[in-house]
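A structural walkthrough
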Amino acid sequence: MSHQLLRSLLFKFDAEFSHDLTLKALSLSNKIGLLYFLKAPHHCKLRTVMGIPFLNPVGLAAGLDKNASHIDAFGKLGFGFIEVGTITPRPQIGNPKPRLFRLPEVEGIINRFGFNNVGVDAAVENIKLSKYKGALGINVGKNFDTPIGRAAEDYLLCMKKVYQYANYIAINISSPNTNNLRDLQEIKALNILLAQLKEEQARLSDYYQRYVPIALKIAPDLTSKHLDAISKSIIKNKIDGVIATNTTVTRESVGNFTNGNEIGGMSGRPLYKLSNLIIRKLYARLQGEVPIIGVGGVFSGEDALEKINAGAELIQIYSGFVYQGRKLVLEACRSIG
Ligand SMILES: Cc1cc2nc3c(=O)[nH]c(=O)nc-3n(C[C@H](O)[C@H](O)[C@H](O)COP(=O)(O)O)c2cc1C
């Protein structure tokens, strides 16, 4: 069935119901062999970023496979890498429903899931069952009821538990749906957190005799001054990569559209320009010393290429995949080359 037809059918239902149904159908299709004959994108060159070989530069962004339970299916769809999570130490159910909203007129999404996930131990069990051989990023966060002053303990615990299964670990301090989480982007708190993460990384890399890079995921709603300070902290603490950006809390130009005023983080087309602006500013500040993974509003091959031109070495997709399906992954690969 074409993605357009499938989409018009699925869009008739509640957004989270369709989302869950699609994930189940995808994994079932993979189990019964329906995804076996899908061709991997062959236009892309292999590239090495953060010391990791990537089959292609187009990845699945965090949040679509929160529990790492659909890795094999997503692996068949042509993504060059997959980022699972956000995973927290303990399982949590997230915010009350409804918490996922489509903005069909502008091809956006607003979500306030609040890190619903099965917890790090169950997620690790899921990862162990997967046969996927490509690059795997594991995105970690804090439980909603961990006081912000003790957030580092949650990140360190998750890091320790996922370390040996990850190609890179993404540190999510930028979701708008966990109270005060983004305060960790404040420079004093950030410096302390990043130093602790690097210390733990050194210890784990010694123990496992394998270096797993850390990438920091940042918000798009940062001032230039704030970006200056964050960039300095990233360089000073030798963080291996930056993922820019998470969803936005701004609602410029969408207020009059369906669901445009829902609370949460907005993604998709309305985020595109803002996330590109952040990537450009970040690139100017990091001066190529730290690679950027660009994410936010990619809906075409041209959009993907624009992110590379703005300074990203890899890109990720979430909302564009919901609206357009696998063809977007292939198109993005073809454009970037
Ligand atoms: C429904 C939904 C859930 C998300 N959950 C997470 C998450 O758990 N962790 C995270 O780091 N980002 C999460 N994101 C943000 C995406 O990874 C991505 O940064 C953002 O959506 C921008 O990309 P896009 O415009 O291609 O969707 C989520 C996004 C959406 C739409």
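Calculation notes
- Chains are numbered independently. Their residues run from 1 in the order of the written sequence.
- Per-residue local features of the predicted model are confined to residues with pLDDT of at least 70, and side-chain atom pairs are confined, for both listing and counting, to 80 or more; whole-chain, interface and lining totals are unaffected and use all residues.
- For the side-chain quantities, the full set of heavy atoms in the structure was used; hydrogens and water were omitted.
- Only the stretch in contact is used when fitting a helix axis, every axis being a line fitted to C-alpha atoms; angles between N-to-C directions are given from 0 to 180 degrees.
- In this text, helices come from DSSP runs of H or I with a minimum length of four residues, and strands from runs of E with a minimum of two, each type numbered from the N-terminal end.
- Roughly parallel covers angles under 35 degrees, roughly antiparallel covers those over 145, roughly perpendicular covers 65 to 115, and oblique covers all other angles.
- Here a crossing is taken to be left-handed if its near helix is turned anticlockwise relative to the far helix by less than a right angle, and right-handed if that turn runs clockwise.
- A contact between two residues is defined here by any heavy atoms of the two lying within 4.5 Å.
- Residues are grouped as follows: Ala, Val, Leu, Ile, Met, Phe, Trp, Tyr, Cys and Pro are nonpolar; Asp, Glu, Lys and Arg are charged; every other residue, Gly included, is polar.
- The term nonpolar core refers to a set of buried residues drawn from Ala, Val, Leu, Ile, Met, Phe, Trp, Tyr and Cys, joined through side-chain atoms within 4.5 Å.
- Under the scheme applied here, a residue whose accessible area is under 20% of the maximum for its type counts as buried, over 50% as exposed, and between as partly exposed, the area being computed with a 1.4 Å probe on protein chains only.
- Residues forming no salt bridge and having over 30% relative accessible area are the ones grouped into patches, like charges within 9 Å of each other and nonpolar side chains (Val, Leu, Ile, Met, Phe, Trp, Tyr) within 5 Å.
- Surface exposure here means Shrake-Rupley accessible area, sampled with a 1.4 Å probe, where a residue is shielded only by the protein chains that are shown.
- Only one rule defines a salt bridge in this text: a Lys or Arg side-chain nitrogen within 4 Å of an Asp or Glu carboxyl oxygen.
- Throughout this document, a residue counts as near a molecule or strand when at least one of its heavy atoms sits within 4 Å of that molecule or strand.
- As used in this structure description, the phrase polar contact means that two N or O atoms lie within 3.5 Å; if the pair is within protein, one of them must be able to donate a hydrogen and the other to accept it, and residues adjacent in sequence are counted only when both atoms belong to side chains.
- Grid points spaced at 1 Å over the protein atoms alone were grouped into cavities, where a 1.4 Å probe fits but cannot get out, and pockets, open sets with protein on both sides within 12 Å along at least five of seven lines, with lining residues defined by an atom within 4 Å of a point.
- Whether a molecule lies in a cavity or pocket depends on its atoms, and more than half of them have to be within 2 Å of the grid points.
- A pair of strands counts as paired when DSSP detects no fewer than two bridges linking them.
- A pair of aromatic rings is counted whenever rings of Phe, Tyr or Trp (Trp by its six-membered ring) have centres within 6.5 Å, and the orientation is called stacked for planes under 30 degrees apart, edge-to-face for over 60 and tilted otherwise.

Another aspect to go through is the packing of helix α9 (residues 301–310) against helix α11 (residues 326–336). Taken N-terminus to C-terminus, the directions of α9 and α11 make an angle of 50 degrees; their axes are 7 Å apart at the nearest point. Judged by the angle between their axes, α9 and α11 are oblique. With respect to the hand of their crossing, α9 and α11 are arranged in right-handed fashion. Facing Gly301, Glu302, Ala304, Leu305 and Ile308 of α9, the residues of α11 in contact are Glu331, Ala332, Ser335 and Ile336. Of the residues belonging to the contact of α9 with α11, the class tally is five nonpolar, two polar and two charged.

Next up on the list: the nonpolar core. Of all hydrophobic cores here, the largest spans 88 residues; its most connected members are Phe74, Tyr155, Ile171 and Ile218. If one sorts the elements of this core by residue count, helix α5 (residues 151–162) sits on top with seven residues.

We now examine a nonpolar patch on the surface. Residues Phe13, Phe17 and Leu21 make up a contiguous nonpolar surface patch of roughly 290 Å² in combined accessible area. Relative to the assigned elements, Phe17 resides in helix α2 (residues 15–31). Residue class for Phe17 comes out partly exposed when judged on its relative accessible area of 44%.

Moving on: the environment of Leu156. By the secondary structure assignment, Leu156 is in helix α5. Considered as a pair, Leu156 and Leu193 are 37 residues apart in the sequence and their alpha carbons are 9.3 Å apart. Once residues lying within four places of it in the same chain are set aside, the contact partners of Leu156 are Gln196, Leu197 and Glu200.

A word on the site of the ligand. As a matter of local geometry, the ligand sits amid 25 residues, with Ala62, Thr86, Lys217, Gly297 and Ser319 nearest to it. Between Thr86 and the ligand, the recorded distance is 2.7 Å, taken from a side-chain N or O atom to a nitrogen atom. Contact with the protein chains covers 98% of the free accessible surface of the ligand, which is 600 Å². Structurally, the ligand is housed in the largest cavity. Partitioned by chemical class, the residues of the shell around the ligand number nine nonpolar, 14 polar and two charged.

Strand pairing in a sheet is mediated by backbone hydrogen bonds. Such pairs are either parallel or antiparallel. The eight strands lie next to each other as β3-β4-β7-β8-β9-β10-β12-β13, forming a closed barrel whose pairing is parallel. Across the sheet, the axes of successive neighbouring strands diverge by a mean angle of 25 degrees, strand direction being ignored. Bridge count between strand β3 (residues 58–60) and strand β4 (residues 81–87): two bridges; the pairing is parallel. Residue pairing for β4: Leu60 is matched across the bridge by Ile82. Docked against the sheet, helix α6 (residues 187–208) engages β8 (168–172) and β9 (214–218), running at close to 155 degrees with respect to β9.

What follows is about the packing of aromatic side chains. Under the counting rule described, the total for this entry stands at eight aromatic pairs. With centroids separated by 4.9 Å and ring planes inclined at 75 degrees, the aromatic side chains of Phe54 and Phe81 adopt a geometry described as edge-to-face. Highlighted residues: Phe54 in strand β2 (residues 52–54) and Phe81 in strand β4, separated in sequence by 27 residues. Comparing Phe54 with Phe81 shows no difference in burial state: the two are buried. Consider the rings of Tyr207 and Tyr208, whose centres lie 4.9 Å apart with planes at 90 degrees: the pair is edge-to-face. Residue Tyr207 is classed as exposed on the basis of its relative accessible area of 63%.

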